[in-house]
Amino acid sequence: MENVRALLTPIDHHSVADSVVEQIEDMILAGVLSEGRRLPSERDMAATLGVSRPKLREALKLLEARGLLSVRHGEGSFIAPLTGKAMSDALIELYGRHGTAFFDYLEYRRVQESFAARLAADRATKTDKAIIHLYLEALAQDLERGDSDASRDHDVKFHAAIVAASHNATLIHMMRSIYDLSRQTVFYNRAYLRTIDGSGALLHKQHTAIAEAVCAHDPDRAAQAAEAHIDFVAQSMRIGLDQARREAIAAKRAALLSEDVPTPPDQT
């Protein structure tokens, strides 16, 4: 119930249903409520908002009619899919077969994350900073444990927290779709990052630099730190791809050795 009170504000407007709709729409627009998020129970929402259950249901039906809510009988009300997928499965697989396309993805992220970090440094609230440090600490613990799966998840959430601190609704929704790609192996190859950062310490240092600049309200430094981080990832990817290419060539040479080197005669 305490979480619900933090999320919703009691209604005192003349149009009760419209006021409920306005609150929920504002939270969707700001990225507080993301697609797939389950709303609190009708009982808790009605009690917190100070409205009747029929009025609440009226508001939920309006949100459903607008395509913002998906009501699942027996489960509750959920925020409907809003942004869709940035790429189709076929295009994602195509990226996987052509690793150089990854650099276009990074180029896009470099510009957007630099912009997000600059805005976040100017706009981040006390709560935004706490969330950023929460994920930064989680990444430090992942590094200490050597947990690559958790690190991948927290890495995405850390960058999403920086974007959220920008308080730019369009940026938040667009980057949420982009970060879905980062969770897939083709867009997040930790092995390449280890090519020039075997321990992961450099990555954590870069994340720390972004967080410190944002929390210090230094827009220029925050933007530069974000750009430097993406540049590091791109450099790692290039080195990794080059090494993989050289290894493939060396393997082909090795396969031909059996033809060049005669088999020793049978000594029996």
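Everything that follows concerns the structure shown earlier in this document.
Computed from a predicted model, the values in this text were never measured in an experiment.

**Student:** What exactly am I supposed to notice about the environment of Ala-138 here?
**Tutor:** Following the sequence through the fold, Ala-138 ends up in helix H7 (residues 126-145). For Ala-138, a relative accessible area of 13% corresponds to the buried category. In the structure, Ala-138 is positioned 16 residues away from His-154 in sequence and 6.8 Å away in space, judged by C-alpha atoms.

**Student:** What is the right way to look at the packing of aromatic side chains in this model?
**Tutor:** Where two aromatic rings form a pair, the distance of their centres and the angle of their planes describe that pair. Enumeration according to the criterion identifies zero aromatic pairs in this entry. Over the ring of Phe-78 we find Arg-72; its NZ or CZ atom is 3.8 Å from the centre of that ring. Arg-238 extends its terminal NZ or CZ atom over the ring of Phe-103, reaching a point 4.4 Å from the ring centre.

**Student:** How do you make sense of helix H8 (residues 148-164) when you look at a structure like this?
**Tutor:** Quick reminder: α-helices carry 3.6 residues per turn. Residues three or four places apart thus point the same way. Here H8 is 17 residues long and its end C-alpha atoms lie 24 Å apart, about the 24 Å a rise of 1.5 Å per residue gives. Listing the buried residues of H8 in full gives Ala-150, Ser-151, His-154, Asp-155, Val-156, Phe-158, His-159, Ala-161, Ile-162 and Val-163. The opening residue of H8 is Asp-147, an N-cap whose side-chain oxygen sits 3.3 Å from the backbone nitrogen of Asp-149.

Thresholds, definitions, all that
Residues numbered from 1 in each chain as written. Predicted model: local features only at pLDDT ≥ 70, side-chain atom pairs only at ≥ 80, totals over all residues. Heavy atoms only, no water. Helix = DSSP H or I, 4+ residues; strand = E, 2+ residues; numbered from the N terminus. Buried < 20%, exposed > 50% of the residue type's maximum accessible area, 1.4 Å probe, protein only. Phe/Tyr/Trp six-rings, centres within 6.5 Å; stacked < 30°, edge-to-face > 60°. Lys NZ or Arg CZ within 6 Å of the ring centre and 35° of its normal. Expected span 1.5 Å × (residues − 1). Polar contact = N/O pair within 3.5 Å; in protein donor to acceptor, adjacent residues only side chain to side chain.

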